[in-house]
Amino acid sequence: MNHMARPSSQTRPDLTDVFAYVDARRQEFIGRLIDYVRRPSISAHGIGIGEVAEYIAGVMNRLGLESRIVPTAGWPVVLGQRADAPGAPTVLLYGHYDVQPPDPLDAWLSPPFEPTIRDGRLYARGVGDNKGQHLAQILAVESLLACRGSLPCNVIVLLEGEEELGSPHMPAFVRAYRAQLGADLVITADGPVHESGRSCICFGVRGVVSFELRARGANRDLHSGNWGGVAPNPLWSLVHLLGTMKNDRGEITIDGFYDNVEPQTELERAALADLPVDVAAVTQELGLEHLDQPRDRPFYDRLSAWPTLTINGLHGGYGGQGSKTVLPHEAFAKCDIRLVEAQTVEEIFGKVEAHVRRHAPDVEIIRQGGMDPSKTPIDSPFTAPLRQGIIAAQGEPPLFVPAMGGSLPDYVFTKILRLPAFGVPYANADEANHAPNENLEIERFITGIKTGAAILAHLGAMQPA
Ligand SMILES: [Zn+2]
C-alpha cells in the first residue's frame, strides 16, 4: 500500500497478445454485454437490483475475481478483488450496476431492455451509464488472466447500486470497509469521452448542493386589485432574494462564497487551454447569441474551475392561458450550486442559509441533496502510466480534464479514503445517458476493454522508487 513509484523509469509492456485475444473474442464480448444490459436494474424503482447484483458478482467470480455482495442501508455493493502482484500498485475500479429509469418509453426506437445494434452502436438503458463501461474493465481483467495467468497489478472492483440516486450510502460504506478498500488509486470508467471524440483522463468533478426556497404571503390567493399593495407578494420576495445572490456580471454575491475556491495550478491552466472547443459552433447549436456572463471567461474554465448558481425552477401564481390578476399566496424556487475544490456542501449551504436569513428572514430554505467536489493533482505519479496505457490501446494521447462539470461521488475516495481518483471514460460523447435511446459505440466498448488491460499492465510496470 501507498506504493511509491517513479513512472519515468518504467518499461513499456507489450500487449500484442492481449489485444489479439480481445479482437478474437469480439462477438462473444458483445454478446455478454447484451446479456448484461437486457437485465433491468432501476435503483429509483427498486426493479431488478438484487438479481443484477447476483448476476455481475457471478460474472466476476467465474473469471477469477473473488466477489461478494455486501449489504448497505440501501441497495447492495458488489465487491471483487484479486491480489496477484505483491509490490505492484492496487487499483480500485469503481462503477455502478444500477441504471436510470427508462421513461419516456415511447421515445425509444427499440425497447430499453431489448438491446439492439444499429449503425455500430448498441442501444439499451444502462449500456453507457454504466454497465458497458465497467464490464469493459472486468473483461480487461478476464483477458489479462486468459493471456498471462495472473494480473500485472492488484485489483479491487467496487460496483454500487445507488449511483443514480446520488450514492447516499457510499460515504458510510467506504468508512466501514476502509480496510478492504486499501488501494493506491481509483479509476472510474463512466461518463462520455471529450466532446471532440478524443479520450480523456478526468482528475476531478465539481460538487453540487441543491436547495429549495419557499416564500409565503397571505393565507390564500387574493385579488390583485383589492389586495395588491396591501398583502406582500411571495413571488416578489423570491425575485428580490434571488437578485441579491448573483449580479448581472455573473458574480455570485453570497458573502464569502468564493473564499475557498482554490486557484488553478499551472498544469490545470495548461490542460484547460488544451481542450478543443468551437465556441461559435456551441452557441449556434444551442441557439444562443453569446455565452453567459462573464463573457471573457474561457469555455472550459466555466465548467471546470468555477462554481455556478442555477435557478432550476421558479413557481407560483398563474401561468396558464390569458391573464389572471391574482396575488399568489405562496412561491417556490429550486436552485443548485455546482461546487469546485475546496468548497464543501456544509460550508456553502451554511453561507446560503445565512444569506437568506439576512435578506429575507421570512423565506424558508430547505436543503436537498449534496455532494462534495473532488480533485486529484495532474502531477500524480499514476498519471503517466494511465496516459501510456491509453496511448497503447488507442494510439493517441488523452486530453486532461482538471474537473468535469457534473458531479460523481469521487470525494468518498479522495476525501474519505485519501486516494488519488481518475476518470477514464470509454463512452461516446452522444451516449444519451439518462435519456431515451442510450447507446454505446461498439468500437468504443472493444477499445475500452483493451484500454483497461493496457492501463493495468502499465500500472504493473511502474518501478518502485
Ligand atoms: Zn448516470
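If you're wondering where the values come from, they're calculated on a predicted model, not measured in any experiment.

Rules and cut-offs
- Residues numbered from 1 in each chain as written.
- Predicted model: local features only at pLDDT ≥ 70, side-chain atom pairs only at ≥ 80, totals over all residues.
- Heavy atoms only, no water.
- Donors = N, O, S within 2.8 Å, 3.2 Å for Na, K, Ca; no water.
- Helix = DSSP H or I, 4+ residues; strand = E, 2+ residues; numbered from the N terminus.
- Buried < 20%, exposed > 50% of the residue type's maximum accessible area, 1.4 Å probe, protein only.
- Phe/Tyr/Trp six-rings, centres within 6.5 Å; stacked < 30°, edge-to-face > 60°.
- Lys NZ or Arg CZ within 6 Å of the ring centre and 35° of its normal.
- Salt bridge = Lys/Arg side-chain N within 4 Å of Asp/Glu carboxyl O.
- Axes fitted to C-alpha atoms, helices over the stretch in contact; angles between N-to-C directions.
- Parallel < 35°, antiparallel > 145°, perpendicular 65-115°, else oblique.
- Left-handed = near helix turned anticlockwise from the far one by under 90°.
- Contact = heavy atoms within 4.5 Å.
- Nonpolar A, V, L, I, M, F, W, Y, C, P; charged D, E, K, R; others polar.
- Lys, Arg positive; Asp, Glu negative; His and termini not counted.
- Polar contact = N/O pair within 3.5 Å; in protein donor to acceptor, adjacent residues only side chain to side chain.
- Pairing = 2+ DSSP bridges.
- Patch = residues over 30% accessible without salt bridge, like charges linked within 9 Å, V, L, I, M, F, W, Y side chains within 5 Å.
- Areas by Shrake-Rupley, 256 points an atom, 1.4 Å probe, with all protein chains shown as cover.
- pLDDT = per-residue confidence, 0-100.

We now examine the coordination of the zinc ion. Surrounding the zinc ion are the protein donor atoms Asp129 (OD), Glu164 (OE), Glu164 (OE) and His434 (NE2), at 1.9 to 2.5 Å. Counting along the primary sequence, the residues that act as donors to the zinc ion give the motif D-x34-E-x269-H. One end of the pair, Glu164, is in the loop between strand E7 (154-160) and helix H5 (170-176); the other, His434, is in the loop between strand E19 (421-423) and strand E20 (439-441), and 270 residues separate them in sequence. Classification of Glu164 as buried rests on a relative accessible area of 13%.

Within this structure, the stated rule accounts for 8 aromatic pairs. In textbook terms, an aromatic cluster arises when at least three aromatic residues are bridged by ring pairs, as seen for Phe203, Phe400 and Phe422. Over the face of the ring belonging to Phe349 we find Arg367, whose NZ or CZ atom lies 5.5 Å from the ring centre.

Another aspect to go through is unusual backbone geometry. Between Asp129 and the following residue, Asn130, the backbone shows a cis peptide bond with an omega angle of 10 degrees. Relative to the helices and strands, Asn130 resides in helix H4 (residues 127-148). The amide bond that connects Glu341 to the next residue, Ala342, takes the cis arrangement and shows omega of 0 degrees. Secondary-structure assignment places Ala342 in the loop between strand E15 (330-339) and helix H11 (345-359). Although it is not a glycine, Asn437 adopts a positive phi angle of roughly 60 degrees.

A complete count under the given rule lists 26 salt bridges for this structure. Notably, a salt bridge pairs Asp84 with Arg82, separated by 2.7 Å at the nearest N-O pair. Between Glu268 and Lys375 there is a salt bridge, with the nearest N and O atoms lying 3.5 Å from each other. Placement of the pair is Glu268 in helix H8 (residues 266-274) and Lys375 in strand E17 (residues 374-375), with a sequence separation of 107 residues. For Glu268, a relative accessible area of 6% translates into the label buried.

Glancing now at the packing of helix H1 (residues 16-24) against helix H14 (residues 442-460). The contact between H1 and H14 brings their axes to 10 Å, and the two run at 155 degrees. The angle between H1 and H14 places the two elements in the roughly antiparallel class. For the element pair H1 and H14, the recorded crossing hand is right-handed. Here Val18, Phe19, Val22 and Asp23 of H1 come into contact with H14, specifically with Ile446, Ile449, Lys450, Ala453 and Ala454. Partitioning the contact of H1 with H14 into residue classes produces 7 nonpolar, no polar and 2 charged.

Bringing the side chain of Glu163 into the picture now. Position of Glu163 among the secondary structure elements: in the loop between E7 and H5. The buried charged residue Glu163 lacks any salt bridge, with Arg338 as its nearest oppositely charged partner at 9.9 Å. Polar contacts involving the side chain of Glu163 include one to the side chain of His96, which spans 3.2 Å. Aside from chain neighbours lying at most four places away, what touches Glu163 is Tyr94, His96, Asp98, Asp190, Leu408 and Pro409.

As a further point, take the sheet that holds strand E11 (residues 207-216). Within a sheet, neighbouring strands are paired by backbone hydrogen bonds and run either parallel or antiparallel to one another. Spatially, 4 strands are ordered E13-E15-E11-E16 in an open sheet, and the strand pairing comes out antiparallel. Among the strands making up the open sheet, the edge pair consists of strand E13 (308-316) and strand E16 (364-371). Across the sheet, the mean angle from the axis of one strand to that of its neighbour is 15 degrees, orientation sign disregarded. One ladder, built from 8 bridges, connects E13 with E15; its direction is antiparallel. Within E15, the position partnered with Thr308 by the bridge is Arg338. Lying over the sheet, H11 contacts E11, E15 and E16, oriented at roughly 165 degrees with respect to E16.

It is worth spelling out a nonpolar patch on the surface at this point. On the surface, a nonpolar cluster with roughly 380 Å² of combined accessible area is contributed by Trp236, Val239, Ile311 and Leu314. Looking at the nonpolar patch, the elements that each hand over two or more residues are helix H7 (234-243) and E13.

So, about the confidence of the model for the chain. Looking at the chain, pLDDT values average 95 and 97% of them are 70 or higher. Note on residues 1-9: pLDDT is under 50 here. Beyond four places in sequence and across chains, it has 24 contacts.

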